[in-house]
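So the chains spell out like this:
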Amino acid sequence: MRRGTSADRVDLLEGTPRDAVPDEYGAHEPEGASVLKTGSSCCRRCAIRSEPVMRHVRSWWKSVVVVLTPVLLLPILLLWKDQSYPNISAAGYIMVLMAVYWITEAIPLVVTSLLPLILLPALGVLTAKLAAVRYLTDTNMLFLGGLMMAVAIEKWDLHRRIALRLLLLVGSRPRWLLLGFMLSSAFLSMWISNTATAAMMLSIAHAVLQELKGRTEVATSFSHSVDSASGGSHLEGVLPSEGSHLEGVLPSGGSHLEGVLPSGGSHLEGVLPSGGSHLATTSETRVAARNGPRGSLVASDGTFDRLCKGLMLGVTYSANIGGIGTLTGTGPNLLLRENAVSLFPDSPGISYGSWFLFGVPMVTLITFCSWLYLSALFCDDSFQWCKWKLIKRPPHNFSGGFTRGVIQRQYNALGPIRWAEVLVLLFQLALIILWVLRDPKVFPGWASLFSTDSKTKESYVSDATIALFVVFLLFVVPSQPCCHPFKRGSASPSPRCSLNGVGSSPKLLDWDTVQRKLPWNVVILLGAGFVLAEASKVSGLTCWLGSKLLGLQSLPPVSIALLITILVAMVTEVLSNTATATLFLPVVASLAVSLQLHPLYLMIPVTVASSFAFMLPIATPPNAIAFSYKYIKVFDMVRTGFLMNIFTILVVTMVLNTIAIPIFDLGVFPKWANQTNNATCVTS
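As the structure is a prediction and not an experimental result, all values here were calculated from the model.

> For this particular structure, what's the right way to read the overall build of the protein chain?
When its secondary structure is counted, the protein chain shows 30 helices and zero strands. Sequence separation of 24 or more characterises 76% of the internal contacts of the protein chain that already satisfy a separation of 6 or more. In the form shown here, the protein chain has an accessible surface area of approximately 32500 Å², with 64% of it arising from carbon and sulfur atoms.

> So what exactly am I meant to see when it comes to the packing of aromatic side chains here?
For any pair of aromatic rings, the description consists of the separation of the ring centres together with the inter-plane angle of the planes. For the structure shown, the criterion picks out 16 aromatic pairs. Ring centres of Tyr 373 and Phe 647 lie 5.6 Å apart, and the angle between their planes is 70°; on these two criteria the pair is classed as edge-to-face. Of this pair, Tyr 373 sits in helix H16 (residues 352-378) while Phe 647 sits in helix H28 (residues 634-656); the two residues are 274 residues apart in sequence, bridging distant segments of the chain. The class of Phe 647 is buried, set by a relative accessible area of 17%. Counting every residue linked through ring pairs, the aromatic cluster contains Trp 176, Phe 368 and Trp 371. When the ring centre of Tyr 411 is taken as origin, the NZ or CZ atom of Arg 161, which lies over that ring, is 5.6 Å away. Here the basic side chain of Arg 165 rests over the ring of Tyr 411, its NZ or CZ set 4.5 Å away from the ring centre.

> Explain the confidence of the model for the protein chain to me, please; I cannot follow it from the model alone.
Predicted coordinates in regions of low pLDDT should not be interpreted in detail. Overall, the predicted model of the protein chain reaches an average pLDDT of 75, with 69% of residues at or above 70. The secondary-structure element of the protein chain with the lowest mean pLDDT is helix H1 (residues 6-13), recorded at 35, while helix H26 (residues 599-609) shows the highest, at 95. A low-confidence stretch, residues 484-496 (pLDDT under 50), is modelled with 22 contacts involving residues beyond four sequence positions or located in other chains.

> Would you mind going over the pattern of salt bridges with me for this structure?
In total, this model carries eight salt bridges according to the counting rule given. The closest approach of N and O atoms between Asp 138 and Arg 337, which form a salt bridge, is 3.3 Å. Taken together, the residues span a long stretch of sequence, with Asp 138 in helix H9 (residues 138-155) and Arg 337 in helix H15 (residues 331-343) at a distance of 199 residues. The buried category is assigned to Arg 337, whose relative accessible area is 9%.

> I'm lost on the packing of H9 against helix H20 (residues 463-474) in this one. Help?
Each pair of packed helices can be summarised by the angle the axes make with each other and by the distance between the axes. Contact pair H9 / H20: the axes reach a minimum separation of 8 Å and the direction vectors enclose 30°. Regarding the angle of H9 to H20, the classification is roughly parallel. Regarding H9 and H20, the two cross each other, and that crossing is left-handed. When H9 is examined against H20, the residues Asp 138, Met 141, Leu 142, Gly 145, Met 148, Met 149 and Ala 152 are found in contact with a partner set consisting of Asp 463, Ala 464, Ala 467, Leu 468, Val 470, Val 471 and Leu 474. Tallied by class, residues from the contact of H9 with H20 come to eleven nonpolar, one polar and two charged.

> Got a minute to help me understand H20 in this structure?
The first and last C-alpha atoms of H20 sit 17 Å apart over twelve residues, in line with the 16 Å expected at 1.5 Å per residue. Along H20, the residues classified as buried are Asp 463, Ala 464, Ile 466, Ala 467, Val 470, Val 471 and Leu 474. Each buried residue of H20 lies within a common arc of 160° when the element is viewed along its axis, so the set occupies one face. As for H20, its buried residues are in contact with H9, H15, H16 and helix H19 (419-438).

Conventions used here
- Residues numbered from 1 in each chain as written.
- Predicted model: local features only at pLDDT ≥ 70, side-chain atom pairs only at ≥ 80, totals over all residues.
- Heavy atoms only, no water.
- Helix = DSSP H or I, 4+ residues; strand = E, 2+ residues; numbered from the N terminus.
- Contact = heavy atoms within 4.5 Å.
- Areas by Shrake-Rupley, 256 points an atom, 1.4 Å probe, with all protein chains shown as cover.
- Phe/Tyr/Trp six-rings, centres within 6.5 Å; stacked < 30°, edge-to-face > 60°.
- Buried < 20%, exposed > 50% of the residue type's maximum accessible area, 1.4 Å probe, protein only.
- Lys NZ or Arg CZ within 6 Å of the ring centre and 35° of its normal.
- pLDDT = per-residue confidence, 0-100.
- Salt bridge = Lys/Arg side-chain N within 4 Å of Asp/Glu carboxyl O.
- Axes fitted to C-alpha atoms, helices over the stretch in contact; angles between N-to-C directions.
- Parallel < 35°, antiparallel > 145°, perpendicular 65-115°, else oblique.
- Left-handed = near helix turned anticlockwise from the far one by under 90°.
- Nonpolar A, V, L, I, M, F, W, Y, C, P; charged D, E, K, R; others polar.
- Expected span 1.5 Å × (residues − 1).
- Arc of directions from axis to C-beta.

Laid out in structure tokens, this is it:
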């Protein structure tokens with residue numbers, strides 16, 4: 001029986017006599033035991049009486065935080081004065097206030113993100129016009145185009161078809177099943193939001209686990225019943241050889257035993273336990289029956305529970321990791337791009353192609369290392385010899401036929417691939433190619449064919465231009481192939497043709513779908529990050545914070561980057577990844593300039609580590625979705641996520657000092673960073 005919440009128990013116990021109060025599980029205490037448990041009964045009654053008070057506290061604490069926080073932070077605004085930076089106290093007050101609201105979520109994140117439009121003009125940091133412009137920059141338009149492309153993919157279930165096909169390709173044994181789910185989640189998270197990826201992949205994993213549990217329970221129960229009747233022969237001599245499907249024993253179509261069992265006998269009522277599924281006559285079922293409980297995934301040693309935890313955590317972690325691979329995959333990547341341009345106007349910025357060359361290898365490496373770690377921890381068919389030697393865990397004989405059958409049925413339910421899916425896939429591939437080849441750095445890209453700015457030497461065409469152009473085509477191209485407008489031998493237009501007014505096919509994307517599925521709150525949240533970065537730069541807050549961290553200059557650059565990565569990975573467990581990147585990116589950019597390091601050398605690890613929220617259910621939406629399925633506990637997530645954070649931080653440090661150096665030219669301190677620093681920061 002599922003335990004109810006404390007509030008539910010209070011409602012049940014109000015008005016009940018003291019001697020009739022049940023214990024925690026609803027059973028009455030035996031006579032004589034109440035004297036020995038008087039203390040515990042008193043404590044329970046005190047807790048029941050104090051419950052209404054706690055209800056009021058829980059319902060009012062957010063209002064208290066919203067009201068008291070601005071008052072308690074007033075000393076920052078009134079007492080912090082700096083002659084070099086007159087607006088630094090106002091900018092610091094706004095940053096700390098928003099950080100508290102973001103951490104506590106006393107008000108929704110998107111509502112907190114609108115505060116800069118109110119506070120920055122009111123406190124004299126930025127004009128309302130300049131603040132509003134930062135909410136819809138070129139980077140945010142790029143993000144908006146990527147989100148619309150993701151909506152088109154979700155509308156036609158293309159992401160689901162790709163995921164299920166990949167799962168069928170990798171195999172159905174536990175370790176390969178885990179790899180398939182992780183690869184699918186990481187790949188899809190590059191193009192659609194990590195929340196949508198986790199929601200879809202976790203639902204598929206849940207269906208697979210439920211089917212696997214039911215089928216293996218039947219096989220185990222069937223084996224036990226035969227063992228008790230035949231002295232543990234494991235059906236030897238009873239079942240035919242594997243793969244024969246009982247030919248010659250059952251009548252034609254005899255999988256349902258028609259005419260042998262009574263009506264409804266397809267479930268073997270009275271022979272198999274209640275809830276038994278159809279008689280499985282496949283070779284996988286017979287192998288599971290012969291192997292007995294040891295070969296079952298629901299064995300008493302917790303094999304099935306470990307597999308459940310591994311799949312849930314694997315999908316969640318991969319959804320968080322995959323967004324790092326592309327510039328539009330997650331919010332912090334776009335914040336990095338915008339901060340690099342706004343804080344250093346003379347910098348070349350970060351193109352989609354350069355980040356793609358850096359992000360995809362890193363995502364691949366982290367996903368592979370995560371799979372090795374999770375499979376060793378949760379999949380009993382991985383590293384069996386080592387487990388037998390170290391912890392004496394016996395090897396298991398797994399049968400993957402059930403799992404593959406579930407995935408195959410879900411894939412078959414999608415039907416044959418549709419014309420709309422092919423078109424959306426082609427548009428997505430074309431978008432990626434155009435992004436990568438716009439400015440590949442190693443040779444002139446196609447953007448050089450267009451006009452360039454005389455001062456910055458940048459092309460008028462940006463990544464946002466490409467994204468919005470492809471999205472525009474999605475609103476125009478029909479979802480069905482256009483045949484000849486008139487049927488052969490007929491004067492009336494064909495009803496399938498998109499040129500026909502009444503029978504026209506829907507377009508690949510429509511505005512109603514975009515309006516319903518697009519996460520507008522994330523767009524506003526990114527805009528808040530952009531305007532806070534601009535406010536920090538104008539007020540001098542980033543320069544001041546950077547000067548206070550000059551004590552780190554005695555450390556080597558690798559150690560500085562490692563310490564910053566660890567700090568950001570800790571903070572992002574309690575703060576959203578976008579908010580974390582918003583707070584840290586301007587600070588580390590100023591610190592890098594003060595230490596004569598390439599700004600991206602410290603900004604990139606901050607951006608990547610903002611997505612390493614592995615330890616708590618509240619850290620990121622995919623974690624919360626996985627936790628809601630009740631396969632994992634908080635302790636499971638904390639224990640597994642702690643080690644995940646350790647080796648992902650090490651991987652980022654390694655990639656930063658190898659692949660990233662030639663891609664972003666991190667080995668030298670650029671002139672544009674030094675010129676920007678002299679123009680914006682006051683040397684004390």
